[in-house]
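# A look at the structure
Here are the chains, one letter per residue:
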Amino acid sequence: MNKSNRRKFIGTAAALSIGSIATAMPLTSMEKKYPVIHHVFFWLKNPDSKEDRDHLVAGVRTLSKIPTVREIHVGVVASTEKRDVVDNSWGVSELMFFSDLEGQATYQTHPIHLEFIKNYSHLWDKVIVYDIIDA
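Overview of the structure. (Residues numbered from 1 in each chain as written. Predicted model: local features only at pLDDT ≥ 70, side-chain atom pairs only at ≥ 80, totals over all residues. Heavy atoms only, no water.)

### Considerations on the pattern of salt bridges
- Throughout the structure, instances matching the rule amount to two salt bridges.
- Across the salt bridge formed by Asp-54 and Lys-50, the nearest N and O atoms sit 2.8 Å from each other. Separated by four residues within a single helix, Asp-54 and Lys-50 lie in helix α2 (residues 50–61), roughly one turn from each other.
- By relative accessible area, which is 52% here, Lys-50 ends up exposed.
- Ionic pairing is found between Arg-53 and Asp-54, a salt bridge with its closest N-O pair at 3.1 Å. (Salt bridge = Lys/Arg side-chain N within 4 Å of Asp/Glu carboxyl O. Helix = DSSP H or I, 4+ residues; strand = E, 2+ residues; numbered from the N terminus. Buried < 20%, exposed > 50% of the residue type's maximum accessible area, 1.4 Å probe, protein only.)

### Quick notes on the side chain of Ser-93
- Its place among the elements puts Ser-93 in strand β3 (residues 92–98).
- Apart from the residues within four sequence positions on either side, Ser-93 is in contact with His-39, Val-40, Phe-41, His-73, Val-74 and Gly-75. (Contact = heavy atoms within 4.5 Å.)

### A short note on the sheet that holds strand β1 (residues 36–44)
- Read across the sheet, four strands follow the order β2-β3-β1-β4 without closing on themselves; strand pairing throughout is antiparallel. Lying at the two open borders of the sheet, with one neighbouring strand each, are β2 (71–76) and β4 (124–133). Along the sheet, successive strands turn relative to each other by an average axial angle of 15°, direction set aside.
- The sheet contact formed by β1 and β3 spans seven bridges and is antiparallel. Within β3, the residue paired with Val-40 across the bridge is Glu-94.
- Across the sheet, α2 touches β1, β2, β3 and β4, and the angle it forms with β2 is around 175°. (Pairing = 2+ DSSP bridges. Axes fitted to C-alpha atoms, helices over the stretch in contact; angles between N-to-C directions.)

### As for helix α3 (residues 101–109)
- Every buried residue belonging to α3 is among Gly-103, Gln-104 and Tyr-107, and all of these are buried. With its buried residues spanning 100° around the axis, α3 presents them on a single face. Of the exposed residues in α3, those oriented more than 90 degrees away from the buried face are Leu-101, Glu-102 and Thr-109.
- At its buried positions, α3 is contacted by β1, β3, α4 (111–120) and β4. (Arc of directions from axis to C-beta.)

### Some remarks on α2
- With 12 residues, α2 extends 16 Å between its outermost C-alpha atoms, agreeing within 8% with the 16 Å of an ideal straight helix rising 1.5 Å per residue.
- Buried within α2 are the following residues: Asp-52, Leu-56, Val-57, Gly-59 and Val-60. All buried residues of α2 fall inside an arc of 160° around its axis, so they share one side. Residues of α2 that are exposed and point more than 90 degrees away from the buried face comprise Lys-50 and Glu-51.
- Each element contacted by the buried residues of α2 is listed here: β1, β2, β3, α4 and β4. (Expected span 1.5 Å × (residues − 1).)

Written as structure tokens, this is what we have:
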């Protein structure tokens, strides 16, 4: 086998191996398994109050007890590079994953969610929700 054919063979074999490995890998939990995403951003009435922020974070974490919530991630603004495309004006974020739209609808009227709104809404000034489904 000449040098050029050997390179082509090795390159093709490597590409096929990588492709086989990639297709054999399991999907992440966010793909297919939980195709409905509910992302909420809260703007605090007292944005400089670490106590209010931490209290709201604790309240958001209680929502994980709702049976249709498959995964939940609670966060606060990261100190990343300031750029025109980055909105860091909010204070607390919740990112939830559901198996289906019915599960997300159940969450909306669940007593734990309604209790959360009742007990914590005094902490926020504004809320924006982004509901997403896999395309």
